[in-house]
Amino acid sequence: DAKTTQPPSMDCAEGRAANLPCNHSTISGNEYVYWYRQIHSQGPQYIIHGLKNNETNEMASLIITEDRKSSTLILPHATLRDTAVYYCIVRVGAGGGADGLTFGKGTHLIIQP
Amino acid sequence: GAVVSQHPSRVICKSGTSVKIECRSLDFQATTMFWYRQFPKKSLMLMATSNEGSKATYEQGVEKDKFLINHASLTLSTLTVTSAHPEDSSFYICSAAYSNQPQHFGDGTRLSIL
């Protein structure tokens, strides 16, 4: 799986949009971009994933650049409960598949009141 | 949908005892389940991959005789930490996957060995 690079931490004001960047310059054509988050002392929570088109669901939007070398996760209206470590993961295949996920260090997003 | 339940959420036991952790997919049949471990201030590390009815595949450095995995049905996998010692104290997390859906995680089990 391709490696990802994320900033170690970010702050965002409550009510504002939180934009979390991820670089994955060595991504292959059949690798998807996944985002998970982990709130303190809980298991990771799936957020969203995509291949090359932008994706949106009830939690967030995922913007993938045309060259697919980077992406941005957008939380449109951040709340205090969005404070968590956000992981950007690149892996082959659209689903759970037969392989476990490789977690990097992620971005610690802190939502400020 | 896609709920994964893990039990117990926390366990404290004496050194030398064995501890069993259960992972259940509540509303779907999981073709594959995964076990991860997370030490304080570190990322999750994959320990093993488990397919229903077959032997688990362990990551390099994970002792299969110490961490016994049973995946007897499409909704249940268990991890048994045998003869646990203080260095096995960690946060153990399972995930489950089916078909082309993303992996979904349980809420983890915090294991403390005294």
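For the structure itself, look to the data block above.
Now for a quick tour of the structure. (Residues numbered from 1 in each chain as written. Chains lettered and ligands numbered in written order. Predicted model: local features only at pLDDT ≥ 70, side-chain atom pairs only at ≥ 80, totals over all residues. Heavy atoms only, no water.)

**Some details on the overall build of chain B**
To keep it simple, the criterion reads: For helices the rule is a DSSP run of H or I covering at least 4 residues; for strands it is a run of E covering at least 2, with both sets numbered from the N terminus onward. C-alpha atoms define the radius of gyration, and 2.2 Å times the number of residues to the power 0.38 defines the globule rule.
Along chain B, the regular secondary structure elements total zero helices and 11 strands. Listing the helices and strands of chain B from first to last along the sequence gives β-β-β-β-β-β-β-β-β-β-β. The C-alpha atoms of chain B give a radius of gyration of 13 Å, which matches the 13 Å a tight globule of 114 residues would have. Projected onto its principal axes, the C-alpha positions of chain B cover 40 × 25 × 20 Å.

**What to know about the packing of aromatic side chains**
Our working definition: In this scheme Phe, Tyr and Trp rings, the latter by its six-membered ring, pair at centre separations within 6.5 Å, and the angle between planes marks the pair as stacked below 30 degrees, edge-to-face above 60, and tilted otherwise. Exposure classes here rest on a 1.4 Å probe applied to the protein chains alone. A residue is buried below 20% of its type maximum, exposed above 50%, and partly exposed in between. In our convention, an over-ring charge means Lys NZ or Arg CZ found within 6 Å of a ring centre and within 35 degrees of that ring's normal.
Evaluation of the coordinates by the stated rule reveals nine aromatic pairs over all chains. Geometrically, the ring pair formed by Y36(A) and F105(B) is edge-to-face, given 5.5 Å between the ring centres and 85° between the ring planes. Linking Y36(A) in strand β3 (residues 31–38) with F105(B) in strand β10 (residues 104–105), this pair reaches from one chain into another. Each ring, one from F103(A) and one from Y36(B), has its centre 5.9 Å from the other, and the planes form 90°; the classification is edge-to-face. Pair noted here: F103(A) is in the loop between β8 (84–92) and β9 (107–112) and Y36(B) is in strand β4 (residues 32–38), and the two residues belong to different chains. With a relative accessible area of 0%, Y36(B) lands in the buried category. Through successive ring pairs, a cluster of aromatic residues spans Y36(A), Y46(A), Y87(A), F103(A), Y36(B) and F105(B). The ring of F91(B) is capped by R110(B), whose NZ or CZ atom sits 4.4 Å from the centre of that ring.

**A closer look at the nonpolar core**
To keep things clear, this is the line we draw: Within this scheme, the nonpolar core is defined by two criteria: the residues are buried Ala, Val, Leu, Ile, Met, Phe, Trp, Tyr or Cys, and they are joined through side-chain atoms within 4.5 Å.
Counting residues in hydrophobic clusters, the biggest one holds 24 residues, and the most contacted among them are W35(B), F67(B), L79(B), Y92(B) and L111(B). Ranked by size, the runner-up nonpolar core spans 21 residues in total, among them I27(A), W35(A), A78(A) and L109(A).

**Comments concerning the sheet that holds strand β1 (residues 9–13) of chain A**
Residues and elements named next belong to chain A. Here is the rule we go by: Should DSSP find at least two bridges between two strands, the strands are regarded as paired. Here, axes are lines fitted to C-alpha atoms. For helices the fit covers the stretch in contact, and angles between N-to-C directions go from 0 to 180 degrees.
Strands sit in the order β1-β9-β8-β3-β4 across an open sheet of five strands; the sheet is mixed. Here the strands that pair on one side only, and so sit at the sheet edges, are β1 and β4 (45–50). Across this sheet, the average inter-strand angle for adjacent strands is 25°, counted without regard to direction. Of the pairings in the sheet, the one linking β3 to β8 comprises eight bridges and is antiparallel in character. In the strand pairing of β8, Q38 is matched with V85.

**Concerning unusual backbone geometry**
In the segment running from H7(B) into P8(B), the intervening peptide bond is cis, with an omega of 0°. For P8(B), the location among the structural elements is in the loop between β1 (4–7) and β2 (10–13).

**Looking at the pairing of strand β7 (residues 70–75) of chain A**
Residues and elements named next belong to chain A. Sheet topology note: the strand β2 (residues 18–23)/β7 ladder contains six bridges and is antiparallel. Residue P21 lies in a different strand from β7, and its bridge partner there is T72. Of the strand pairs in this sheet, strand β6 (residues 61–64) and β7 are connected by four bridges, and their pairing is antiparallel. Note on β7: the bridge partner recorded for S61 is I74. Following β6, the chain reverses through five residues before pairing antiparallel with β7; R68 in that reversal takes a positive phi of roughly 65°.

**Some details on the interface of chain B and chain A**
Using the following cut-off: Pairs of residues are marked as contacts when any of their non-hydrogen atoms sit within 4.5 Å. A simple way to read buried area is as the amount of 1.4 Å-probe accessible surface that goes missing from two parts once joined, with both sides added. One speaks of a salt bridge when a side-chain nitrogen belonging to Lys or Arg is within 4 Å of a carboxyl oxygen belonging to Asp or Glu. Polar contacts here mean pairs of N or O atoms no more than 3.5 Å apart (in protein, one a potential hydrogen donor and the other a potential acceptor; neighbouring residues in sequence count only if both atoms are side-chain atoms). Polar here means any residue outside two lists: the nonpolar Ala, Val, Leu, Ile, Met, Phe, Trp, Tyr, Cys and Pro, and the charged Asp, Glu, Lys and Arg; Gly therefore counts as polar.
Taken together, the 21 residues of chain B in the interface contact 22 residues of chain A. Buried surface at the junction of chain B and chain A, both sides included, amounts to about 1,500 Å², of which 55% is carbon and sulfur. The largest share of the area that chain B buries against chain A comes from P102(B), Q103(B) and F105(B), three residues that together contribute 30% of it. The tally of links between chain B and chain A comes to zero salt bridges. Between the two partners, chain B and chain A, sit five residue pairs in polar contact (both at pLDDT 80 or more). Ranked by residue count, the leading element in the side of chain B that touches chain A is β4(B), at four residues. Looking at the side of chain B that touches chain A residue by residue, the class counts come to nine nonpolar, 10 polar and two charged.

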